[in-house]
Amino acid sequence: MDNDQPNVTADGQIMIETKGLSRIYKTRGKTVEAVRGVDFSVSSGEIVGFLGPNGAGKTTTLKMLTTLLTPTGGSARVAGFDLRKDPVGVRRAIGYVSQAGSTASEARAGEELVSHARFYGIDKHTATQRARDLLAALDLADIWERKCGLLSGGQRRRLDIVMGLIHQPKLVFLDEPSTGLDPQSRANLWTHIRKLRDEIGTTVFITTHYMDEADALSDRLLVIDKGEIVAEGTPSELKRRVSGDAITLTFRDDADARQAGDAAAKMPGAETPVVEGHLVRVHVPDGASALPALLAELARADITATGVEVKKPTLDDVFLSLTGRSLRD
Ligand SMILES: Nc1ncnc2c1ncn2[C@@H]1O[C@H](COP(=O)(O)OP(=O)(O)OP(=O)(O)O)[C@@H](O)[C@H]1O
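Residues numbered from 1 in each chain as written. Predicted model: local features only at pLDDT ≥ 70, side-chain atom pairs only at ≥ 80, totals over all residues.

An unreviewed UniProt entry lists the protein under the name ABC transporter, with Devosia pacifica as the source organism. A UniProt comment under Sequence similarities (unreviewed entry) is attached to the protein, and it reads "Belongs to the ABC transporter superfamily. Drug exporter-1 (DrugE1) (TC 3.A.1.105) family." As recorded by UniProt, the Subcellular location (unreviewed entry) comment attached to the protein reads in full: "Cell membrane". (UniProt positions renumbered as here; feature names shortened; annotations may be inferred.)

Right, here's the structure in full:
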């Protein structure tokens, strides 16, 4: 395939496609297999969360995809360019927003953006127009004359994102975008990232070890652990696939609970119910749709539940059941 043409499929453009991508580190006689042959793809316009605990291989993968680190095995096409054969093509086509950020504290935001755009050969007039448009899109219209170092944490992270987008990349990599922000600024940042995709069509690849961030922001998740992709799917697919919903029913007495346990066991997809005194706990694929049928079945047997609770699993439950470790380990 030509290097200057994006990898086009019937579904649209594939923005990232990796095949057996690997990285081994050798330091002082020790070998670390940081990334062990990962295969995945990201389509145009997707927001993909790359999730995993500390040391899982997220940064190593991200550095390879952004050409900062050479793979020791496998291959990848990024934004239509072959990572090994044309790293310069990749670099020109992508945006990368690192954890450290890239704005100088003493520089004024507007000037900083324009001079950054000039590195990409963009003329001053176009750069100024683009910078103003992007700042407005990220609710930063009034910071043009402000020094970067005096902006709030949330404003500075958004400014970093504007820097990563000034050359109009189709694909942007965000490394742990909300680290260090307060909950309100984080939620605000997520709204802006979604807006970028919805309004400009930017494909977004985000590394994070925050479950709430991955859950709130991503169309699809790739979960990496010990250098391997251990799960892939939408946040709700992953939660459904791994844990289902937990229904807990309370009854007046043990006899009712036992009878209810027998009825619960017959629900489609139900795991074996656990009956403990007055309580029955059962896992089902989808609690909201299973519950009415179960209650109707109990009513036919003349049993009334005195309490009902349906709990949705969190991504942390998913991660625990996949790897036996919490994301925060
Ligand atoms: N330069 C290096 N030399 C040797 N080993 C390394 C190097 N960089 C990373 N590693 C090791 O490779 C593995 C993957 O590290 P990586 O930084 O990619 O994980 P991560 O998922 O990004 O973790 P974190 O969330 O902590 O940033 C870890 O075991 C790490 O110790």
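## Considerations on the overall build of the protein
Summing up its helical and strand segments, the protein has 11 helices and 15 strands in all. Overall, the protein is about 80 × 50 × 45 Å in size when its C-alpha atoms are taken along their principal axes. Considering the protein as a whole, with its 329 residues, one finds that 38% of them fall into the buried category. Considering only intrachain contacts with a sequence separation of at least 6, the fraction spanning at least 24 residues in the protein is 67%. (Helix = DSSP H or I, 4+ residues; strand = E, 2+ residues; numbered from the N terminus. Buried ≥ 20, exposed ≤ 12 C-beta atoms within 10 Å, placed from the backbone. Contact = placed C-beta atoms within 7 Å.)

## Focus: the sheet that holds strand β8 (residues 171-175)
As summarised here, the arrangement of the six strands in space is β7-β8-β9-β4-β10-β11, forming an open sheet in which the pairing is mixed. Taken across any chain shown, the strands that pair with only one partner, and hence form the sheet edges, are β7 (94-97) and β11 (228-233). Sheet twist, expressed as the average angle between the axes of neighbouring strands with direction ignored, equals 15 degrees. The sheet contacts of helix α5 (residues 153-165) involve β7 and β8, and relative to β7 the element is tilted by about 160 degrees. (Pairing = 2+ DSSP bridges. Axes fitted to C-alpha atoms, helices over the stretch in contact; angles between N-to-C directions.)

## A word on the site of the ligand
Within the structure, the ligand sits among 13 residues, and Tyr 25, Ala 34, Asn 54, Thr 59 and Thr 60 are positioned closest to it. At the level of elements, β2 (12-27), β3 (30-43) and α1 (58-65) are the ones that each hand at least two residues to the shell around the ligand. Broken down by element, the shell around the ligand gets its largest block of residues, three residues, from α1. Class assignment of the residues belonging to the shell around the ligand gives a composition of four nonpolar, eight polar and one charged. (Near = placed C-beta within 6 Å. Nonpolar A, V, L, I, M, F, W, Y, C, P; charged D, E, K, R; others polar.)

## Quick word on the pairing of strand β5 (residues 73-78)
Put simply, side chains in a regular strand alternate between the two faces of the sheet. Bridge count between β5 and strand β6 (residues 81-82): two bridges; the pairing is antiparallel. By the bridge assignment, Val 78 is partnered in β6 with Phe 81. Between the antiparallel neighbours β5 and β6 lie two residues, among them Ala 79 with a positive phi of about 50 degrees.

## Some words on α5
Across its 13 residues, α5 extends 19 Å between first and last C-alpha, which sits within 8% of the 18 Å expected from 1.5 Å per residue. The element α5 is largely enclosed, with a buried count of 11 among its 13 residues. All of the buried residues in α5 are Gly 154, Arg 156, Arg 157, Arg 158, Leu 159, Asp 160, Ile 161, Val 162, Met 163, Gly 164 and Leu 165. Where α5 is buried, its residues meet β7, α3 (109-119), α4 (124-137), β8 and α6 (183-200). (Expected span 1.5 Å × (residues − 1).)

## A word on the domain arrangement of the protein
For the protein, the assigned domains read domain 1 (7-239) and domain 2 (244-312). With centres defined by C-alpha atoms, the gap from domain 1 to domain 2 works out at 45 Å. (Domains from an automatic or database assignment.)

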